[in-house]
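Inside the fold
For reference, the chains in residue letters:
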Amino acid sequence: MPNRVIVGSQWGDEGKAKIVDFLTLYADIIVRFQGGANAGHTVKAGDQEFIFHLIPSGIMHENKVCIIGNGVVFDPKQAILEIKDLEKKNISVENRILIAENAHIVLPWHIASDKLKEAKAGKSAIGTTGRGIGPCYSDKVNRLGVRVGDLLDIKELKPRVEALSQFRNEEFEKMFGAEPIDPGPIIEEYLEFGKQLKPYICDTVSYLYDALKAKKQIIFEGAQGTILDVDHGTYPFVTSSNTVAGSASCGSGVGPTAIDQVIGVVKAYTTRVGNGPFPTELSNEIGEELRKIGGEFGATTGRPRRCGWFDAPVVRKAAAVNGLTHLAITKLDVLDTFKEIKICTNYKMEGKELQTFPNGLTQVDLCEPVYETLPGWECSTAKCRSWSELPPNAQKYLTRISELAGVKIGMISIGAKRDESIVLDIN
Ligand code: IMO
Ligand code: MG
């Protein structure tokens with residue numbers, strides 16, 4: 001079985017967790033490599049529903065090891081909450097969660113700074129999840145960050161937190177007229193988190209290197225989506241990490257040669273949560289219907305997601321920047337009742353035809369989607385378990401998506417449960 005990277009191909013919330021949970025059946029290790037508790041990954045197992053923000057979605061399977069890689073911005077408080085919740089629901093975490101000692105930690109200054117900056121930005125706010133992601137990554141790159149391993153040693157933790165707090169408190173007072181945060185009690189609190197998390201903290205890079213030599217199968221679980229990538233997305237309306245497949249390598253400390261497949265998870269339509277451009281957005285009753293049927297509300301913030309038709313230029317860009325080998329198409333069942341379904345095949349920009357999603361915001365604003373209308377199938381796909389069981393119009397819709405993206409379909413999801421899946425070709 002191949003080592004797979006699973007990434008979002010749109011603006012996040014594509015249903016990555018469901019696909020990761022399903023493919024974990026064929027894997028040994030699941031690694032998160034970027035992002036943090038901004039992710040909201042929903043897994044339905046039996047009658048229980050779990051929303052993970054940090055712990056990899058593969059945790060629902062016994063005997064699989066879940067790793068929080070060095071590229072993640074790690075909120076210890078959130079991780080402890082998730083671990084306790086799993087234990088309460090009798091899911092064993094012992095020897096199954098490993099946290100990279102060189103991942104950076106999210107501190108209260110990061111969360112406060114995220115919220116203060118957003119509040120001050122007013123109309124031009126990004127609409128972040130308020131989880132401190134941007135400020136944590138910026139301190140990492142600014143060499144002011146604090147890492148997971150530091151939680152285990154007061155000699156490391158104290159001076160680093162003090163240096164960071166000095167910098168951030170000055171920002172709070174001067175830029176925002178906000179109260180500073182006293183580092184003393186935070187250092188105490190985070191040392192305590194360190195004690196609780198000690199059994200999980202280790203050198204995950206060495207662990208993965210040994211696992212690869214032992215031919216263990218690895219899934220690299222992406223968070224967010226390609227068009228939220230800090231380089232390739234709708235900057236500045238993006239998240240603060242590289243969400244694309246290449247990030248799996250540096251965010252977990254595994255060389256790119258270890259990766260065999262890149263699966264792009266694609267919702268059968270498009271959604272976006274937070275601000276920023278969205279060419280196929282439907283601000284009408286059709287958008288409302290997609291939101292209602294698809295249950296399109298953010299798993300992290302509860303915000304209603306913006307909804308629109310499938311956007312091929314977005315997915316073509318995802319195919320290019322991730323090197324997608326397969327598509328996993330999710331939430332096809334949400335379209336079951338539509339009489340007609342539209343697909344944006346390309347854009348028109350100042351009279352010219354454009355095939356891929358442009359880089360600049362001004363260019364995106366100028367893009368007018370060009371639509372093709374396909375007949376709906378107007379029946380339930382929920383019970384379909386093979387391609388041939390799908391209604392012909394659903395087959396046509398999927399074939400067209402694959403054709404426009406230039407990537408073959410590996411899997412189709414027609415419901416949140418593990419067995420509500422159709423596997424075509426994931427080898
Ligand atoms: P999953 O992994 C959808 C969006 C936020 C905001 C922007 C920046 O569940 O697909 P941030 O808090 O990251 O600084 O916010 O990114 N965003 C997501 N949108 N799904 C996510 O994760 C997201 N994580 C962040 O709404 O627009
Ligand atoms: Mg989500």
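Small disclaimer: the values here were computed from a predicted structure and weren't measured. (Residues numbered from 1 in each chain as written. Chains lettered and ligands numbered in written order. Predicted model: local features only at pLDDT ≥ 70, side-chain atom pairs only at ≥ 80, totals over all residues. Heavy atoms only, no water.)

1. Describing the coordination of the magnesium ion (ligand 2)
For the magnesium ion (ligand 2), every protein donor is listed as Asp13 (OD) and Gly40 (O), and the spread of their distances is 2.1 to 2.5 Å. Residue Asp13 is located in the loop between β1 (4-8) and α1 (16-23), and its partner Gly40 is located in the loop between β2 (29-32) and β3 (41-45); the two are separated by 27 residues in the primary sequence. Asp13 sits in the partly exposed class, given a relative accessible area of 21%. (Donors = N, O, S within 2.8 Å, 3.2 Å for Na, K, Ca; no water. Helix = DSSP H or I, 4+ residues; strand = E, 2+ residues; numbered from the N terminus. Buried < 20%, exposed > 50% of the residue type's maximum accessible area, 1.4 Å probe, protein only.)

2. Digging into unusual backbone geometry
Cis geometry marks the peptide bond from Tyr235 to Pro236, where omega comes out at 5°. If you trace the backbone, Pro236 turns up in the loop between β10 (218-221) and α8 (247-250). The backbone phi angle of Glu378 is positive, close to 45°, even though this residue is not glycine. Within the secondary structure, Glu378 sits in the loop between β18 (368-375) and α12 (392-405). Take Glu378: its relative accessible area is 49%, and that puts it in the partly exposed class.

3. What about the domain arrangement of the protein?
Annotation of the protein at the domain level lists domain 1 (1-100 + 204-427) and domain 2 (104-196). Computed over C-alpha atoms, the centres of domain 1 and domain 2 are 29 Å apart. With 30 residues of domain 1 at the interface, the matching set in domain 2 holds 22 residues. Taking both sides of the interface into account, the surface hidden between domain 1 and domain 2 amounts to around 2000 Å²; carbon and sulfur atoms contribute 58%. (Domains from an automatic or database assignment. Contact = heavy atoms within 4.5 Å. Buried area = accessible area lost by both parts, 1.4 Å probe.)

4. A look at the site of ligand 1
Contacts to ligand 1 come from 20 residues, most closely from Asp13, Lys16, His41, Thr129 and Thr239. Here an oxygen atom of ligand 1 sits 3.3 Å away from a polar atom, N or O, in the main chain of Gly127. The separation between an oxygen atom of ligand 1 and a polar main-chain atom of Val273 is 3.0 Å. Notes on ligand 1: free accessible area 550 Å², of which the protein chains cover 98%. Among the detected pockets, ligand 1 sits in the largest pocket. Both domain 1 (1-100 + 204-427) and domain 2 (104-196) contribute no fewer than three residues apiece to the shell around ligand 1. (Near = heavy atom within 4 Å. Polar contact = N/O pair within 3.5 Å; in protein donor to acceptor, adjacent residues only side chain to side chain. Areas by Shrake-Rupley, 256 points an atom, 1.4 Å probe, with all protein chains shown as cover. 1 Å grid on protein atoms, 1.4 Å probe; cavity = no way out; pocket = protein on both sides within 12 Å on 5 of 7 lines; lining within 4 Å. Sits in = over half its atoms within 2 Å of the grid points.)

5. Observations concerning the state of the cysteines
In protein chemistry, a disulfide is the covalent bond that joins the sulfur atoms of two cysteines. Applying the stated criterion to the full structure yields zero disulfides. Of all cysteine sulfurs, the one in Cys344 lies closest to Cys307, which takes part in no disulfide; the gap is 16 Å. Cys344 supplies the cysteine sulfur nearest to Cys367, a cysteine that is in no disulfide, at a spacing of 8.7 Å. Cys367 gets classed as buried once you look at its relative accessible area, which sits at 8%. (Disulfide = S-S within 2.5 Å.)

6. Side note on the layout of surface pockets
Its boundaries defined by the atoms lining it, the largest pocket holds a volume of some 800 Å³. Taken together, 41 residues make up the lining of the largest pocket; nearest its centre are Ile126, Thr128, Val238, Thr239 and Ser240. Of all the secondary structure elements, the ones that give two or more residues to the lining of the largest pocket are α3 (108-121), α4 (133-141) and α5 (154-176). When grouped by side-chain class, the residues that make up the lining of the largest pocket number 13 nonpolar, 18 polar and ten charged. Counting residues domain by domain, the lining of the largest pocket receives three or more from each of domain 1 (1-100 + 204-427) and domain 2 (104-196). (Points joined across faces, edges and corners; volume = space filled by probe spheres on them. Nonpolar A, V, L, I, M, F, W, Y, C, P; charged D, E, K, R; others polar.)

7. Digging into the side chain of Ser241
Looking at the secondary structure, you find Ser241 in the loop between β10 and α8. Looking at Ser241, the relative accessible area reads 4%, which means it is buried. Ignoring any residue separated from it by four or fewer positions in sequence, one finds Ser241 in contact with Gln34, Gly35, Tyr137, Gln224, Leu228, Asp229 and Val230.

8. Here we look at the pattern of salt bridges
Throughout the structure, instances matching the rule amount to 22 salt bridges. With a closest N to O distance of 2.6 Å, Arg400 and Glu372 form a salt bridge. Highlighted residues: Arg400 in helix α12 and Glu372 in strand β18, separated in sequence by 28 residues. Residue Glu372 is classed as partly exposed on the basis of its relative accessible area, which comes to 25%. Overlapping salt bridges, with partners in common, bring together Asp13, Lys267, Glu296, Arg305 and Lys331 in one network. (Salt bridge = Lys/Arg side-chain N within 4 Å of Asp/Glu carboxyl O.)

9. Some words on the packing of aromatic side chains
Applying the stated criterion to the full structure yields eight aromatic pairs. The aromatic ring of Phe50 is capped on one face by Lys89, whose charged end is 4.8 Å from the ring centroid. Against the face of Tyr371 rests Lys342, its NZ or CZ located 5.6 Å from the ring centre. (Phe/Tyr/Trp six-rings, centres within 6.5 Å; stacked < 30°, edge-to-face > 60°. Lys NZ or Arg CZ within 6 Å of the ring centre and 35° of its normal.)

10. What about the side chain of Arg305?
Mapped onto the elements of the fold, Arg305 is located in the loop between α9 (285-294) and β13 (306-308). The class for Arg305 is buried, based on a relative accessible area of 7%. Among the polar contacts made by the side chain of Arg305, one reaches the side chain of Glu296 at a distance of 2.7 Å. Polar side-chain contacts of Arg305 include one of 3.3 Å to the backbone oxygen of Phe297. For Arg305, the contacting residues outside a window of four places in its chain are Asp13, Lys267, Thr271, Arg272, Val273, Arg291, Gly295, Glu296, Phe297, Gly298 and Ala299.

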